[in-house]
Each structure stands twice: as structure tokens, then as C-alpha cells.
Amino acid sequence: MPDDRDQLPPRPLGYTVTMGDVYGELRQLSGQLSTSITQQEILRTQMQDHETRLRALEAWRYALPVSAISAVAAAIAAIISVFVG
């Protein structure tokens, strides 16, 4: 008579996961993680570049009215000095 302790338990899902299967999945996940990290670093670099460009445009935007006012004031002063003499 066979001993019940020597029998394997029934497989509830109908298949067995081996260590080789786990290792293969782990390697696949590791590759996907490496790809994701590389893509994240590329996106971070692009975002920093865009931020730098945006800050430069904002600096010009805020400096332009001040320059325009200074130019108009200089032109008015030049016209006044020509007429006053």
C-alpha cells in the first residue's frame, strides 16, 4: 500500500512553476526595468533642456518691456536735446 505522505499535493491551477520559470521571468523583468530607467533618464534630460529654454524665453519676455521703455526715454531725451539745443 502506498504511503499518502509520498504523494505530491494536487496542483490547484493545473501546472507547476519551476525555478527555471521564475528565473526566466526575473531576467525579463530586469531587462524591462533597465529599459524603463534608461527612458526615464532620457526624459529627465529632455525636460531639463526644455526648462532651460523656457527660462531663457521668460528672461527675454520680461527684459523686453524694460528695454523698450529705456529706448523710448532715450529717443525722447534726444529729441528734446535737439530742439532745446
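The structure under discussion appears in the preceding block.
The rules behind each value
Residues numbered from 1 in each chain as written. Predicted model: local features only at pLDDT ≥ 70, side-chain atom pairs only at ≥ 80, totals over all residues. Heavy atoms only, no water. Helix = DSSP H or I, 4+ residues; strand = E, 2+ residues; numbered from the N terminus. Buried < 20%, exposed > 50% of the residue type's maximum accessible area, 1.4 Å probe, protein only. Patch = residues over 30% accessible without salt bridge, like charges linked within 9 Å, V, L, I, M, F, W, Y side chains within 5 Å. Areas by Shrake-Rupley, 256 points an atom, 1.4 Å probe, with all protein chains shown as cover. Salt bridge = Lys/Arg side-chain N within 4 Å of Asp/Glu carboxyl O.

Moving on, we get to the overall build of the chain. Scanning the chain from N- to C-terminus turns up one helix and zero strands. Expressed as a percentage of its 85 residues, the buried residues of the chain come to 0%.

A word on a nonpolar patch on the surface. There is a patch of nonpolar side chains on the surface, built from Val 72, Ile 76, Ile 79, Ile 80, Val 82, Phe 83 and Val 84 and spanning about 770 Å² of accessible area. Position of Val 72 relative to the elements: it lies in helix H1 (residues 19-84).

Attention now moves to the pattern of salt bridges. Within the structure shown, the criterion is met by three salt bridges. Asp 49 is the partner of Arg 53 in a salt bridge, and the nearest nitrogen-oxygen pair spans 3.3 Å. Of this pair, Arg 53 and Asp 49 both sit in helix H1, four residues apart, which is roughly one turn of the helix. Residue classification places Asp 49 among the partly exposed positions, given a relative accessible area of 36%.

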